[in-house]
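Topology and contacts: notes
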Amino acid sequence: MKTRKTQGLVLGALLASFVFTGCGDGSIFDVKNPGQILDDDLNTVAGVQSLVTGMSSDFSVSYDNLSFMTAILSDEIVGSGSYFSTGRYRRGLFDSEDANGFWGGVQRARWVAEAGLIRMAGIEGYQFDGNAETARAYLFAGLANRWFGENFCQTVFSQPYDEENPGPGGETDTGDAMDRNAAFNRAIPLLQRAVQNGTSAGATDIVTAAEGALAQIYLGLGDMGNAVAHAARVPTDFVFAAAYSSNSPRETSQIWNETHGRHEISAWMTLAGTVGAGDPRTPWTDCSDPGAGCPSGNGADGTTTHYRQEKYPTRDDDIPLVKGTEMRLIEAEAALVAGDLNGAMAKINEMRAHHGLAPLESDGTIGRITGGEKGGANLTSMSGWDILDRERHLTLWLEGRRLWDLHRWDHPHLDGGGVVYEATVDRRASCIPISLDECQVNEKVAGLCFSV
């Protein structure tokens, strides 16, 4: 922010310039319109990199908002602020009006990538096949559809695929409501093409990220064989992330803004704030400690103790989308499903060793996810499934993935569980419904919206 003195100097210089230049030709206020940039002028080989950077930007600008919201709606974090929405989410409430911004964000991210690929294929002189930028664009299109499938109760595709420009799976978009698996199935050929083009271009980071995303997709579809096959191709130390920057407000991380710039969410009394104390995966600062250096010891609501997350300590820290450590947990989950407790624990401990954590020993039972007394993860059980529940929770903390785990596991937390604050519904929301905005413009889904 400029000081009053600086503002006065700037204004004075501006007025002086006005006096000396006048209002005729050459005035600083004499601006000539250079003309609009035509859309077709962007269809150049030189513009492709910027086009794909735009896909990355449109993905990131909404993904942090999703990660922030689902942390409160799930059991990852406690809403410690005074936003009206925070009060709803921490009580398990979420309806079609709440969905508006999140629905718009994911639709924009996937449409920009999918339509951009159609556009790139038509650019004269651009080598579409075997190009690293093509691979990267396919990766963002696939990841956007993973985001859609994991977090939304239903999917609706109205663009950009039609009979003239069908999708890579041959799909055309009709605007009908579909099961969330439609987004997973849509992602598969996009990610496969990311692998194919990335391999030809030698873009190993894109190929590895796409292999990891395919593992996530197949896990979502319950196809453990394919999930494990793709996960095995991702090294434990690999990370591909959504990019953020302090360059402009649009590019900064909302999670940082709402924990460092403001005390809207807290790790207090969460799994991360309890068993995750000192865990490198879930760093936080107890702001109630007088020496912590926080503006306040409490959240923005004035009452909730503020445990400030330090996973993203600056406004330009990236949010992981594909990680090798998650791949080891996918392999562990497949082992549990197959009844192989020893194999599952070996994969869990391989992941923990990467973080410098001591190995865990189970109680010898596979068990089931039992949840905590008031919901959330069970803090003490050493059965295979409860261990996996905690380890995925802590490994993927604040990465926009926990709500999906609660939903696909039918987690006990959904049955009226709460973190600090009690739920006010018997069954917590576990996915984002079709938005009110979509229902108002798409007659095919007009009757599917609801309010709570």
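What counts and how
Sequence order as written defines the numbering, with residues in each chain counted from 1. At least 70 in pLDDT is required for a residue's local features to be given in this predicted model, at least 80 for side-chain atom pairs to be given and counted, and no such filter applies to totals for whole chains, interfaces and linings, which use all residues. Hydrogens and water molecules were not included; the side-chain quantities draw on all heavy atoms of the structure. What counts as a disulfide here is a pair of cysteine sulfur atoms lying within 2.5 Å. Secondary structure elements follow DSSP: runs of H or I no shorter than four residues count as helices, runs of E no shorter than two count as strands, and numbering proceeds from the N terminus. In plain words, nonpolar cores are sets of buried Ala, Val, Leu, Ile, Met, Phe, Trp, Tyr and Cys residues tied together by side-chain atoms within 4.5 Å. Only protein chains enter the accessibility calculation, which uses a 1.4 Å probe; a residue whose area is less than 20% of its type maximum is buried, one above 50% is exposed, and one in between is partly exposed. We call two residues in contact whenever any of their non-hydrogen atoms come within 4.5 Å of each other. Between N or O atoms, a polar contact is any pair within 3.5 Å; within protein, one atom must be a potential hydrogen donor and the other a potential acceptor, and residues adjacent in sequence are included only when both atoms are from side chains. Within this document, salt bridges are pairs made up of a side-chain nitrogen of Lys or Arg and a carboxyl oxygen of Asp or Glu, the two lying within 4 Å of each other. In this analysis, strands are considered paired if DSSP registers two or more bridges between them.

**Considerations on the state of the cysteines**
- Tallied over the full model, the rule gives three disulfides.
- For Cys-439, the disulfide goes to Cys-449, at an S-S distance of 1.9 Å. Between Cys-439 and Cys-449, the disulfide has an S-S torsion of 90° and is therefore right-handed. Of this pair, Cys-439 sits in helix α15 (residues 436–441) while Cys-449 sits in the segment after α15; the two residues are 10 residues apart in sequence, bridging distant segments of the chain.

**Notes on the nonpolar core**
- Membership of the largest hydrophobic core comes to 92 residues, with the highest contact counts inside it found for Phe-59, Phe-94, Leu-139 and Phe-240.
- Per element, the largest residue contribution to this core is 11 residues, and it comes from helix α2 (residues 48–73).
- Residues contacting Phe-94, with those up to four places away along its chain left out, are Met-69, Leu-73, Arg-88, Tyr-89, Ala-99, Phe-102, Ala-429, Ile-432, Pro-433, Phe-450 and Val-452.
- Core analysis: the second largest hydrophobic core is formed by 14 residues, Ala-332, Met-345, Met-351 and Ile-387 among them.

**Examining the side chain of Glu-114**
- Its location among the elements puts Glu-114 in helix α4 (residues 100–121).
- We classify Glu-114 as buried; its relative accessible area is 0%.
- A distance of 2.8 Å separates a polar atom in the side chain of Glu-114 from a polar atom in the side chain of Arg-110.
- What Glu-114 contacts, discounting residues up to four positions off in sequence, is Ala-141, Asn-145, Gln-159, Pro-160, Tyr-161, Arg-186 and Leu-190.

**Section: the pattern of salt bridges**
- Across all of its chains, the model carries 33 salt bridges by this definition.
- The partner of Lys-311 in a salt bridge is Glu-399, with the nearest N and O atoms 2.6 Å apart. With Lys-311 in the loop between β7 (307–309) and β8 (319–323) and Glu-399 in the loop between α13 (384–395) and α14 (402–408), this pair connects stretches of sequence that are 88 residues apart.
- On the basis of relative accessible area, Glu-399 is assigned to the buried category, the value being 2%.
- Each of Arg-146, Glu-150, Glu-326, Glu-333, Arg-392, Arg-401, Asp-405 and Arg-408 takes part in a single network of salt bridges with overlapping partners.

**With respect to the side chain of Asp-389**
- Its place among the elements puts Asp-389 in helix α13.
- At 2.9 Å, the side chain of Asp-389 forms a polar contact with the side chain of Arg-402.
- The residues contacting Asp-389, other than those within four sequence positions of it, are Ile-369, Ala-377, Arg-402, Trp-409 and His-411.

**Remarks on the pairing of β8**
- With five of five residues buried, β8 lies mostly within the body of the structure.
- Direction of pairing for strand β4 (residues 239–242) relative to β8: antiparallel, over a ladder of four bridges. Looking across to β8, one finds that Ala-241 is bridged to Pro-320.

Keep in mind these numbers describe shape, not what the thing actually does.
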